[in-house]
Amino acid sequence: MSNYILVINPGSTSTKIGVFENGTLLFDKTLRHPAEEIAKFATIPDQKGWRKELVEQALIENNFDMKKLTAICARGGLVKPIRGGTYATSDALLADCVAGVQGQHACNLGGLIAREIGDELGIPSFIADPPVVDELQAIARYSGHPLIQRVSKFHALNQKAVAKRYAKEVGKKYEDLNLIVCHMGGGVSVGAHVKGSVVDTENALDGEGPFSPERSGSLPTDAVMKLCFSGDYTEEELRKMFVGRGGLVAYAGSTDMRDLLKMAETDAKVAEVIDAFHYQIGKEIGAMAAAMHGQVDQIILTGGIAYGKETVQALKDMVEWIAPVTVYPGEDELLALAQAALRVLNGEEQAKDYRSLSAAHIPPKKVQSPGPRRAFSGNRDLFLSLWPRFFTETAPNCTETAPSPVPFPIDYRVKIFTPSSQRPCRPRRAWWPGCR
Ligand SMILES: Nc1ncnc2c1ncn2[C@@H]1O[C@H](COP(=O)(O)OP(=O)(O)OP(=O)(O)O)[C@@H](O)[C@H]1O
Ligand SMILES: CCCC(=O)O
């Protein structure tokens, strides 16, 4: 029996859709959303009805009868940290997509639209491998300061898809391989896939890792603090500067690697920027190899920039001594979504239940420590907000700790960094349960 699957991948300026009959694409379409259309909506969740109508219209234009659909699978959203896999669009998941518990991003609309269409048709709807897939090992969560905890936000959908594709091609299971996957698109992320879990990667959305065509990646803390407190920029301006207008576009004026490679033929400065881009990515691959104790079966390069032979050669020169390199240029996130739904429909995998996981996943609230407020005044919030959000805090004289945001046997409670004083917590602020 054929399964017909609608897949939806909402991005900031487009919604990509596809209809698959089992694993075969029947048709796809990129629905472009001009800035002036997007600007009509105050928030991302407000765009739901409008984008949903555009999706339905595209199916009609392709003469596809929606009643034939068996399931819907979407990319999304910035929900709580979860393990990779296919998740049913439960109410709890949708509430977190609306709230944007790890940030507002167009992919939060994926689950919302999928569920609404699915409910209308009486068919199941899913999300798969959202950017907040978080399988970090405990030691990878240390940032260097207990107020800031590292989290994983990366191209999980494409990274996992190409890793599984490689495993299939060599006749092995993803869960039996150690792979470094490097996605190079508008953003760049490098993941250490150890036996099916991404035990280290960057928070590529919020300012970690190598710079990319449009993101600054990791920046020196002191310099960032100076910008934050300079009074010259608003929080929003700085965010745009680092995520959206940072990296290659900031140095060389374009996010398009093809243009930059052309420019580099006659412009030595642009050529050096591209060298630096390759250098940072190669260095990050090396870091992941060390995190994996050198036990790397294969390095996989993927994303649009992996089409460029210059980039592939530069990275091979830097990292091929670690492990052989396979190149899967571009990304096929639509196919990855269809396959994720199919694995569930065929009974190869069970859809995960976000609701039953979410209790264990509740990240610590963004708790404000009463202590350092005076030192940083109001701008402290601005500074911290540029960094990974789920910093776990504990009061200087409080022995309570915040819960782990992930369901793994990880206990990185901040208590270990603080004197285990039994003095009562400061009475002036209750800032998490049990610390009153
Ligand atoms: N043949 C090519 N050679 C070199 N670079 C290329 C080639 N084709 C596309 N690219 C580059 O790939 C980049 C876009 O990649 P991609 O389409 O994967 O990004 P995206 O989907 O917009 O962002 P993300 O992958 O972060 O979600 C651009 O910089 C583009 O210039
Ligand atoms: C880093 C997660 C995905 C993206 O770049 O949009």
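Everything numeric here is computed off the predicted structure, so don't read it as measured data.

Draft legend 1. Region of the structure containing the packing of aromatic side chains. Under the defined criterion, the tally for this structure stands at five aromatic pairs. With a centroid separation of 6.0 Å and an interplanar angle of 50°, the aromatic rings of Tyr4 and Phe64 are classed as tilted. Taken together, the residues Tyr4 in strand S1 (residues 4-10) and Phe64 in the loop between helix H2 (48-61) and strand S4 (71-74) connect sequence positions 60 residues apart. A residue is classified by how much of its surface remains accessible, and Tyr4, at 15% relative accessible area, is buried. In this structure Phe64 comes out as buried when scored by relative accessible area, which is 9%.

Draft legend 2. Highlighting the layout of surface pockets. By volume, the second largest pocket is sized at about 920 Å³. Mapped onto the lining of the second largest pocket, the elements with two or more residues apiece are helix H5 (156-169), strand S13 (325-329) and helix H12 (333-345). The greatest single-element share of the lining of the second largest pocket, amounting to nine residues, is contributed by H5. Considering only residue class, the lining of the second largest pocket consists of eleven nonpolar, eleven polar and 17 charged. Counting contributing residues per domain, the lining of the second largest pocket is built from domain 1 (1-134 + 332-361) and domain 2 (156-330), each supplying no fewer than three.

Draft legend 3. Representation of the sheet that holds strand S12 (residues 298-303) in the model. Read across the sheet, five strands follow the order S11-S10-S9-S12-S13 without closing on themselves; strand pairing throughout is mixed. Only two strands of the sheet have a single partner each, and these edge strands are strand S11 (197-200) and S13. Averaged over neighbouring strand pairs, the angle between their axes works out to 30° when direction is ignored. Examined bridge by bridge, strand S10 (residues 188-194) and S11 share three bridges and lie antiparallel to one another. Each residue of the ladder has a partner; that of His193, found in S11, is Val198.

Draft legend 4. Representation of the pairing of S12. Where burial is concerned, most of S12 is hidden: six out of the six residues are buried. By the alternation rule, side chains of S12 split into Gln298, Ile300 and Thr302 and Ile299, Leu301 and Gly303, which are all buried. Two strands pair when backbone bridges link them, and strand S9 (residues 178-184) and S12 are joined in this way by five bridges, in the parallel orientation. Residue pairing in the sheet places Leu179 in a bridge with Gln298 of S12. Pairing analysis gives five bridges linking S12 to S13, with the strands arranged parallel. Each residue of the ladder has a partner; that of Ile300, found in S13, is Thr326. Considered for its hand, the β-α-β crossover made up of S12, helix H11 (residues 309-319) and S13 is right-handed.

Draft legend 5. Structural detail: the site of ligand 2. Taken together, the neighbourhood of ligand 2 is formed by Arg75, His105, Pro131, Lys153, Phe154, His155, Ala204, Leu205 and Arg215. Here an oxygen atom of ligand 2 and a side-chain polar atom of His155 are 3.2 Å apart. A distance of 2.8 Å separates an oxygen atom of ligand 2 from a polar side-chain atom of Arg215. Look at ligand 2: alone it shows 220 Å² of surface, and the protein chains cover 92% of it. Partitioning the shell around ligand 2 into residue classes produces four nonpolar, two polar and three charged. Taken domain by domain, the shell around ligand 2 gets at least three of its residues from each of domain 1 (1-134 + 332-361) and domain 2 (156-330).

Draft legend 6. Representation of the environment of Lys262 within the structure. Its place among the elements puts Lys262 in helix H9 (residues 257-264). A C-alpha to C-alpha distance of 35 Å links Lys262 and Gln104, two positions 158 residues apart in sequence.

Draft legend 7. Expanded view of the site of ligand 1. Near ligand 1 lie 14 residues; those nearest to it are His183, Gly187, Thr255, Asp256 and Met257. Taking Gly304, its main chain carries an N or O atom lying 3.0 Å from an oxygen atom of ligand 1. Contact between ligand 1 and Gly308: a nitrogen atom at 3.4 Å from a main-chain N or O atom of the residue. Isolated, ligand 1 exposes 640 Å² of accessible area, and the fraction of that covered by the protein chains is 71%. Split into classes, the residues belonging to the shell around ligand 1 amount to three nonpolar, nine polar and two charged.

Draft legend 8. Inspection of empty space enclosed by the protein at higher detail. Overall, the coordinates contain two cavities of 30 Å³ or more when judged by the stated rule. Computed from the structure, the largest cavity encloses a volume of approximately 50 Å³. Every residue along the wall of the largest cavity is listed here: Val188, Ala204, Gly207, Glu208, Pro210, Ser212, Arg215 and Gly217. Grouping the amino acids of the lining of the largest cavity by side-chain chemistry returns three nonpolar, three polar and two charged.

What counts and what doesn't
Residues numbered from 1 in each chain as written. Chains lettered and ligands numbered in written order. Predicted model: local features only at pLDDT ≥ 70, side-chain atom pairs only at ≥ 80, totals over all residues. Heavy atoms only, no water. Phe/Tyr/Trp six-rings, centres within 6.5 Å; stacked < 30°, edge-to-face > 60°. Helix = DSSP H or I, 4+ residues; strand = E, 2+ residues; numbered from the N terminus. Buried < 20%, exposed > 50% of the residue type's maximum accessible area, 1.4 Å probe, protein only. 1 Å grid on protein atoms, 1.4 Å probe; cavity = no way out; pocket = protein on both sides within 12 Å on 5 of 7 lines; lining within 4 Å. Points joined across faces, edges and corners; volume = space filled by probe spheres on them. Nonpolar A, V, L, I, M, F, W, Y, C, P; charged D, E, K, R; others polar. Domains from an automatic or database assignment. Pairing = 2+ DSSP bridges. Axes fitted to C-alpha atoms, helices over the stretch in contact; angles between N-to-C directions. Right-handed = clockwise from strand over helix to strand, strands pointing away. Near = heavy atom within 4 Å. Polar contact = N/O pair within 3.5 Å; in protein donor to acceptor, adjacent residues only side chain to side chain. Areas by Shrake-Rupley, 256 points an atom, 1.4 Å probe, with all protein chains shown as cover.

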